[in-house]
Amino acid sequence: MDLKKLGAFALTSAIVCAALYGTAAAETLRLSHNTGDATTWHKGAEKFNELLSAETGGEMTVRVFPNATLSGGDQMKQAEMVSRGALDFVITSAINVTPLVPEMAVFSLPYLYANYEQVDATTDGAPGDKMKEIMDSHDIVVLAWGENGFREVTNNARPIKSPKDMKGLKMRVAGPMYIDVMNALGANPQQMQWTETFTALQQGVVDGQENPIGAVIIPQRVYEVQKYLTAWHYSYDPVFLGISKKRWDSFDAATKEKVQKAASEAMAYQKQITRESTEQGIALLREKGMEVYEPSAEELQAFRDATKPAFDTWAAKVGTDLVTSFQDAVAAAN
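Being a predicted model, the structure only gives us computed values, none of them experimental.

(A) Main features of the packing of aromatic side chains. Counted under the stated rule, the structure contains eleven aromatic pairs. Seen in terms of ring centroids, tryptophan 248 and phenylalanine 251 are 6.2 Å apart; in terms of plane orientation they differ by 75 degrees. Their pairing is edge-to-face. Each member of the pair, tryptophan 248 together with phenylalanine 251, is buried. An aromatic cluster is built from Phe107, Trp145, Phe240 and Phe326, whose rings are joined through pairwise contacts. The lysine or arginine in question, lysine 47, covers the ring of tyrosine 269, its NZ or CZ lying 4.7 Å from the ring centre.

Following this line, the structure appears as structure tokens:
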């Protein structure tokens, strides 16, 4: 075949391929999170895929892996994998990142927040920007904050109305800070992967656990294996959508803009549906047969006083200046 015919053949082949497959092959990126596929975490991840695919005309899609399957079920390991570029995206909660970035525990200090307005003043303000800087230094780019929510306590032994009711209870916890909180309350904390927790509750390996209502307790059907819930709002936990800095830096400016837009919209959606589910949650849990206790202001103060040693310990670990910036934002929101 002469060069002219060869060139014509190549051009024809390119046109046919473009018509059949598009001008560029679709790129599929991987996103890991550590809850089940019925949760608002998963719905936020699916929304991100939907929006990113639309923004890029199908050139970029996201495959979502729930239950931390890509990290062998280890919810703490996900962030480390994203940090070194072994994973593209992660949706996880702040407390799950503390082994890699201890400062992220600042969000979850016991009784730092009383309401959503105070939460939003930190995630949407200067404190949230500072946390993005800190995460960036660990090679994770936080694209947007979402919500896990205020963590409530459930158990099978008895109603929790005061700190003394926690004494001796075997409590599943997610991370090191909550170990100190439970010890301060006289409980017996057991750090455990979420993927193992439902069975542990079912079999009585642990008496209880603590998690947000809308994001975890309802969609993960905790009410099927727990009798009592106390809405003590003792700790808040944001989630975030993060990307490997290595992957982020590989994008051009136009691609970064599309990824950022999709992430911001997806996590705004995730936060909205989480808060809606939480608002309806107490009534639903009572319908499901749980005994729900809502403490008075005086009873909440007793829990606040009991967990103050854990607050002080972790405030020192994350840095007093950082804690002060959060407290100032909370005070301004009041």
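(B) Representation of the sheet that holds strand E10 (residues 239–244) within the structure. Taken in spatial order, the five strands of this open sheet run E2-E1-E3-E10-E4, and their pairing is mixed. The open sheet has two edge strands with one neighbour each: strand E2 (60–65) and strand E4 (140–145). The mean inter-strand angle of the sheet, taken between neighbouring strand axes irrespective of direction, is 25 degrees. Where strand E3 (residues 89–93) lies against E10, five bridges are found, and the strand directions are antiparallel. Within the sheet, the bridge partner assigned to serine 93 lies in E10 and is valine 239. Taken strand by strand, helix H2 (residues 40–55) contacts strand E1 (27–33), E2, E3 and E10, and its axis lies near 165 degrees from that of E2. The strands touched by helix H5 (residues 126–136) within the sheet are E4 and E10, with E4 carrying the most contacts at an inclination of about 155 degrees.

(C) Seen up close, the nonpolar core. Within the largest apolar cluster, 53 residues are counted, with the highest numbers of intra-cluster contacts made by Met104, Met166 and Trp232. Element by element, the count of residues in this core is highest for helix H12 (residues 308–318), at five residues. Excluding anything up to four places from it in sequence, tryptophan 232 contacts Tyr111, Arg151, Glu152, Val153, Met166, Met182, Leu185, Pro295, Leu300 and Phe303.

(D) Highlighting H2. A rise of 1.5 Å per residue sets the reference length of H2, with its 16 residues, at 22 Å; its end C-alpha atoms lie 22 Å apart and thus fit the reference within 8%. Restricting attention to buried positions, one finds in H2 the residues Thr40, Trp41, His42, Gly44, Ala45, Phe48, Leu51 and Leu52. Buried residues in H2 make contact with E1, E2, E3, helix H8 (213–217), E10 and helix H10 (253–287). Looking at the residues trailing H2, positive phi occurs at glycine 57, about 60 degrees.

(E) Structural context of the pairing of strand E6 (residues 170–173). In the sheet, E6 pairs with strand E7 (residues 188–191) via four bridges, with the strands oriented parallel. Paired with lysine 170 across the strands is asparagine 188, a residue of E7. Since E6 and E7 lie parallel, the crossover through helix H6 (residues 176–184) that links them has a hand, and here it is right-handed. Pairing between E6 and strand E8 (residues 208–212): two bridges, direction parallel. Bridge pairing links arginine 172 to glutamine 209 in E8.

(F) Structural context of the environment of glycine 73. When you line up the elements, glycine 73 lands in the loop between E2 and helix H3 (77–83). For glycine 73, the contacting residues outside a window of four places in its chain are Asn67, Ala68, Gln193 and Thr195.

(G) Representation of the pairing of E10. Most of E10 is tucked away: six of the six residues are buried. Of the strand pairs in this sheet, E4 and E10 are connected by five bridges, and their pairing is antiparallel. By the bridge assignment for E10, alanine 144 is matched with leucine 241.

What counts, and where the lines are drawn
- Residues numbered from 1 in each chain as written.
- Predicted model: local features only at pLDDT ≥ 70, side-chain atom pairs only at ≥ 80, totals over all residues.
- Heavy atoms only, no water.
- Phe/Tyr/Trp six-rings, centres within 6.5 Å; stacked < 30°, edge-to-face > 60°.
- Buried < 20%, exposed > 50% of the residue type's maximum accessible area, 1.4 Å probe, protein only.
- Lys NZ or Arg CZ within 6 Å of the ring centre and 35° of its normal.
- Pairing = 2+ DSSP bridges.
- Helix = DSSP H or I, 4+ residues; strand = E, 2+ residues; numbered from the N terminus.
- Axes fitted to C-alpha atoms, helices over the stretch in contact; angles between N-to-C directions.
- Contact = heavy atoms within 4.5 Å.
- Core = buried A, V, L, I, M, F, W, Y, C linked by side-chain atoms within 4.5 Å.
- Expected span 1.5 Å × (residues − 1).
- Right-handed = clockwise from strand over helix to strand, strands pointing away.

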